[in-house]
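Remarks on the overall topology
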Amino acid sequence: MEIVHTPVLLNETLDFLSPEGESFAASPFMVDSTLGEGGHSNAFLQRFQNLRIIGLDADQNIQARAKERLSVYGTRMNFHLGWFNDFYANYPDTLPGPDIILFDLGISVFHYEKSGRGFSFRYDEELDMRLSPDAGQSAKDLVNTASEFDLADIIYKYGEERYSRRIAASIVETRKSSVINSSKELAEIIYRSVPSAYRHGRIHPATKSFQAIRIAVNAELSRLPQALSDAFAVLKSGGKMGVITFHSLEDRIVKCFFRDLAKSCTCPPEVPICKCGGKSRAQLLTRKPVEPGQNEVDENSPSRSAKLRVIRKL
Ligand SMILES: C[S@@+](CC[C@H](N)C(=O)[O-])C[C@H]1O[C@@H](n2cnc3c(N)ncnc32)[C@H](O)[C@@H]1O
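**Some words on the pairing of strand β5 (residues 240-245)**
With 6 of its 6 residues buried, β5 lies for the most part within the structure. Here β5 shows no split at all, with K240, G242 and I244 on one side and M241, V243 and T245 on the other all buried. Pairing of strand β4 (residues 100-104) with β5 involves 5 bridges; the strand directions are parallel. Note on β5: the bridge partner recorded for L102 is G242.

**Describing the sheet that holds β5**
If you trace the 7 strands from one edge of the open sheet to the other, you get β3-β2-β1-β4-β5-β7-β6, paired in mixed fashion. Bordering the open sheet on either side are β3 (77-81) and β6 (282-284), each of which pairs with just one other strand. On average, adjacent strands in this sheet sit at an angle of 20 degrees to one another, irrespective of strand direction. Pairing of strand β2 (residues 52-57) with β3 involves 5 bridges; the strand directions are parallel. In the strand pairing of β3, D57 is matched with L81.

**What about the site of the ligand?**
Around the ligand, a shell composed of 22 residues is seen, among which P7, T34, G36, G39 and A58 lie nearest. Sorting the residues of the shell around the ligand by element identifies α2 (39-47), β2 and α4 (84-89) as the ones contributing at least two each. Split by residue class, the shell around the ligand holds 8 nonpolar, 9 polar and 5 charged.

**Structural notes on the packing of helix α7 (residues 148-159) against helix α8 (residues 164-177)**
Two numbers describe how α7 lies on α8: the axes approach to 8 Å, and their chain directions differ by 140 degrees. Classified by the interaxial angle, the pair formed by α7 and α8 is oblique. For the element pair α7 and α8, the recorded crossing hand is right-handed. On α8, the residues touching E148, L151, A152, I155 and Y156 of α7 are S164, R165, I167, A168, A169, I171 and V172.

**A look at the nonpolar core**
By size, the foremost hydrophobic cluster in this structure holds 46 residues, and its most contacted members are M30, I101, A231 and I244. Setting aside its immediate chain neighbours within four residues, I244 contacts V8, L9, F103, D104, L105, A306, K307 and L308. Counting residues in each nonpolar core, the second largest holds 27 residues, with M129, V143, A168 and F210 among its members.

**Some points on the packing of helix α12 (residues 220-234) against helix α13 (residues 248-262)**
It is at 10 Å that the axes of α12 and α13 come closest, and there the two elements cross at 25 degrees. The pairing of α12 with α13 is recorded here as roughly parallel in orientation. Of the two elements, α12 crosses α13, and the hand of that crossing is right-handed. Judged by residue contacts, L221, L224, P225, L228 and F232 of α12 engage L249, E250, I253, V254, F257 and L261 from α13. Within the contact of α12 with α13, the residues separate by chemical class into 10 nonpolar, no polar and 1 charged.

So, how was this worked out
- Residues numbered from 1 in each chain as written.
- Predicted model: local features only at pLDDT ≥ 70, side-chain atom pairs only at ≥ 80, totals over all residues.
- Buried ≥ 20, exposed ≤ 12 C-beta atoms within 10 Å, placed from the backbone.
- Helix = DSSP H or I, 4+ residues; strand = E, 2+ residues; numbered from the N terminus.
- Pairing = 2+ DSSP bridges.
- Axes fitted to C-alpha atoms, helices over the stretch in contact; angles between N-to-C directions.
- Near = placed C-beta within 6 Å.
- Nonpolar A, V, L, I, M, F, W, Y, C, P; charged D, E, K, R; others polar.
- Parallel < 35°, antiparallel > 145°, perpendicular 65-115°, else oblique.
- Left-handed = near helix turned anticlockwise from the far one by under 90°.
- Contact = placed C-beta atoms within 7 Å.
- Core = buried A, V, L, I, M, F, W, Y, C linked by C-beta atoms within 7 Å.

Rendered as structure tokens:
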């Protein structure tokens, strides 16, 4: 089996989340919340010989690949199929509190290159974009039924696309005469609707809209805040949690959540002297997000927007 996804910020993740130190169990336990093809888990299992992992993924096709790849680790590696927010909301009694939790958000190169579900504007595939069939409506349903206002809103909010209105108008105009079925058709509609200077920019003009539609279809941003909070609740004291994000909306959610955990005082700003006597619940191990160096970006372009933030639970 050919592995197509290169794990991002791998050495940094291994170093920041290493299960060394007094607070870690003799046989530490990790939850890889976004297993993908298992690149991070594979490296953790190789580096830390007594580590056990459970890997989560909503997508059963990519999970099958990870199962094949990681079978060499036997009972040290376990798998769970489902959304990470559901998993942490119903954290199984049978599992210990994790010493390490990793989130590597978004989708994998596998999804763009091999899934056949229309994640990439480079291929002519059925426009689906669901990580799991239970995600609800497909990208095809969304682009063919959402109102022009909602489409513009999604493309602007989740894609930060400045031509969102023109793109939404063009989608709605096209679908009056024919259903938009494929990724290629959608990419062409977007390409035709933006100014010509934008067509020849640094990135393909459909990049941001495709990202936005995928985020909306899989409700990616709404799953994150509660998942972070529930994951932190089950993390062992002294345990570490790391999150790798790929766009500013995700990163803002993680940054604010970690910042609030690290704050000692929760009194409202108008109170001059602390009355809550509050204690920080976590220590920020990355004051600034860790970003890939130029070498990593040159060798693995999907890493270019990655940011890693890590905390330790107190
Ligand atoms: C960036 S990839 C992970 C890559 C992995 N770290 C590796 O090195 O191979 C993210 C994975 O998380 C999964 N995923 C995204 N959102 C999820 C969610 N809310 N619940 C469960 N899995 C999710 C995707 O299906 C994808 O396989």
